[in-house]
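Each chain, letter by letter, is given below.
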Amino acid sequence: VQSMAHKSRLVEEMMNDLLGVFQVRTSHSLFPLLQPAIGVGSTFEGWSPCGQDTVYHLLVPLKPPRGHAFHLEMGTAGKMPAESYVRVVPECTCMGEQCVKNRPCFVHQPRDPLRRKQNSSILSTLCTDSYLDARKIALWFQNSVSSAWKKLPQSRRYTLEVLPSRRSCKLQLKNASGRSFLVEMVFGVQQGDSDIFLSSQTTEASFTPSTTWAESYAVAETKFFSHIAKQAPHDTFHLKCLQLCAGILVGTGFSTYALKTVVMHLLSTTPLAIWNRREFLLRLQDIMRYFQDSVEEKCLHHFFFGNKNMPKDIILPPAFQEAEPLNLFQCLVQDPTTHTNALQEFQEL
C-alpha cells in the first residue's frame, strides 16, 4: 500500500506539472480552464485487483473560460449511469468581476468584432450545437499534450506516448530502465460545490453520443477511503480485504464496483477497530456474506443515494441526501434468468 501511494503521488505530481503548462497556454484564451487533476479509482484509493495492470486514473475538472458559463442539464433521476449534458452559454462581461478593459462582451457588443475571436472559442471548437463535446475535448488535449510534455524537466527522464482513446487521454510514460506508468486522464464538470462530477468517461452503453456526460462518483469514493484511512488504526486491513476479494471476482460476471460498494457499506456501519490483521478472515467472510445476501435479495443500495451514514466531509448535492436508495442490482429484479445465473456463479465463487 505504501509503495502504491508513493507511485500515485509521483504520477499525480507529474500530471499536474503537465496541466500547469496547459494553464499558462490557455489562461488568456477562450478554451476551458484545466484545474489540478484529482487522482481517482482503485490505485489512488490504495488497492488494485490482484493480477491487474495498474492504471492511474485522474479526473481533470474543467472551468468555463471568461465570458462563458456551464449549464448542467441532468439526466433521468435514478438511471445508472445518469446521462447528462453540459450546455455552454455566453455570459455578459460588461460589469462585475469578469469585466476587463478592451475585452469585448459576447452578449452585448456587436458581433462583427467578435467573430475572429469566436473562431478559436470553446463554442466553435469544442462544442456540438452549444453542448460540450467529450470527444472534441479529448482530441484537443491529445493534440497538444506531447508539445506540453517537452516543456517539463521530467521529459528528460520519461518518454511520453499518446495511446488511442475517444473520450479521455491515455498516456504511457516510460524511462530508460523500462519502468512505465499507464495514465488515463478523463475530464469532468463539477456539480456545484459537491464531490460529484459529470465525466467524459465512456459509459457502458454500446453507443454514447459525444455530447453525453456520465455522472461520476469517483472523487467522492476516493474521499471516502481517505476519510477511513485517517480514522482507522494503523494495522487496519480493509484495503487488503478489498484487494483480495476483487482479485477473486476477476473473470466473473460480478463487477468490482459492486464489491467496493459492499465494502464501503460495511466500513461505514462497523467499528474500524475490527478490521485488523487478527480478524482478517472474519472480515472476508463478512464481505462475501453481505455480497451473497445482496445477490439473493436482488438489492444492493448505491452508497451515495439516501445514505444516512455518509461522512460529513463528503459533499453531495442536496438531491442525493433526500433521494430514495438506488438499487445497483436492478437488473436481477428485471430478469429472473440473470438472477438465477448470478446465484449459480456466486455459489461457484
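Residues numbered from 1 in each chain as written. Predicted model: local features only at pLDDT ≥ 70, side-chain atom pairs only at ≥ 80, totals over all residues. Heavy atoms only, no water.

The name an unreviewed UniProt entry gives the protein chain is IPIL1 protein, with Rostratula benghalensis as the organism. The UniProt entry for the protein chain carries this comment under Subcellular location (unreviewed entry): "Membrane". Looking at the Sequence similarities (unreviewed entry) heading of the UniProt record, one finds this comment for the protein chain: "Belongs to the ITPRIP family." (UniProt positions renumbered as here; feature names shortened; annotations may be inferred.)

Caption draft 1: Up close: the nonpolar core. Core analysis: the largest hydrophobic core is formed by 43 residues, its most contacted members being Met15 and Leu132. If you list the elements that add at least two residues to this core, you get helix H1 (2-26), strand S3 (55-63), strand S5 (83-90), helix H5 (134-149), strand S8 (158-163), strand S9 (169-175) and strand S10 (180-190). Per element, the largest residue contribution to this core is eight residues, and it comes from H5. Apart from the residues within four sequence positions on either side, methionine 15 is in contact with Leu58, Trp149, Leu171, Leu173, Val183 and Met185. Within the second largest apolar cluster, 42 residues are counted, among which are Ala220, Phe254, Met264 and Ile314. (Core = buried A, V, L, I, M, F, W, Y, C linked by side-chain atoms within 4.5 Å. Buried < 20%, exposed > 50% of the residue type's maximum accessible area, 1.4 Å probe, protein only. Helix = DSSP H or I, 4+ residues; strand = E, 2+ residues; numbered from the N terminus. Contact = heavy atoms within 4.5 Å.)

Caption draft 2: Main features of the confidence of the model for the protein chain. Confidence in the prediction for the protein chain averages 88 pLDDT; 87% of positions are at 70 or higher. Averaged pLDDT values for the elements of the protein chain fall to 47 in helix H3 (residues 112-118) and rise to 97 in helix H9 (residues 280-297). Overall, residues 114-120 carries pLDDT values under 50, and its contacts beyond four positions in sequence, including any with other chains, amount to 13 contacts. (pLDDT = per-residue confidence, 0-100.)

Caption draft 3: Molecular detail of the packing of helix H6 (residues 218-231) against helix H8 (residues 256-269). Direction vectors running N to C along H6 and H8 enclose 40°, while the axes themselves pass 12 Å from each other. In terms of axis orientation, H6 runs oblique to H8. Where H6 crosses over H8, the handedness of that crossing is left-handed. Contact residues: Glu221, Phe224, Phe225 and Ile228 in H6; Tyr257, Lys260, Met264, Leu267 and Ser268 in H8. For the contact of H6 with H8, a count of residues per class yields six nonpolar, one polar and two charged. (Axes fitted to C-alpha atoms, helices over the stretch in contact; angles between N-to-C directions. Parallel < 35°, antiparallel > 145°, perpendicular 65-115°, else oblique. Left-handed = near helix turned anticlockwise from the far one by under 90°. Nonpolar A, V, L, I, M, F, W, Y, C, P; charged D, E, K, R; others polar.)

Caption draft 4: Geometry of a nonpolar patch on the surface. Taken together, the side chains of Leu244, Ile248 and Leu349 define a hydrophobic patch exposed on the protein surface, amounting to about 220 Å² of accessible area. Looking at where leucine 244 falls in the secondary structure, it is placed in helix H7 (residues 238-249). (Patch = residues over 30% accessible without salt bridge, like charges linked within 9 Å, V, L, I, M, F, W, Y side chains within 5 Å. Areas by Shrake-Rupley, 256 points an atom, 1.4 Å probe, with all protein chains shown as cover. Salt bridge = Lys/Arg side-chain N within 4 Å of Asp/Glu carboxyl O.)

Caption draft 5: Main features of the packing of aromatic side chains. Under the definition given, this model contains 20 aromatic pairs. Aromatic side chains tyrosine 158 and phenylalanine 181 sit 5.9 Å apart centroid to centroid with 50° between the ring planes, which places their arrangement in the tilted category. Taken together, the residues span a long stretch of sequence, with tyrosine 158 in strand S8 and phenylalanine 181 in strand S10 at a distance of 23 residues. Tyrosine 158 gets classed as buried once you look at its relative accessible area, which sits at 7%. By way of ring pairs, the aromatic residues Tyr217, Phe224, Phe225, Phe303, Phe304, Phe305 and Phe320 are connected into one cluster. (Phe/Tyr/Trp six-rings, centres within 6.5 Å; stacked < 30°, edge-to-face > 60°.)

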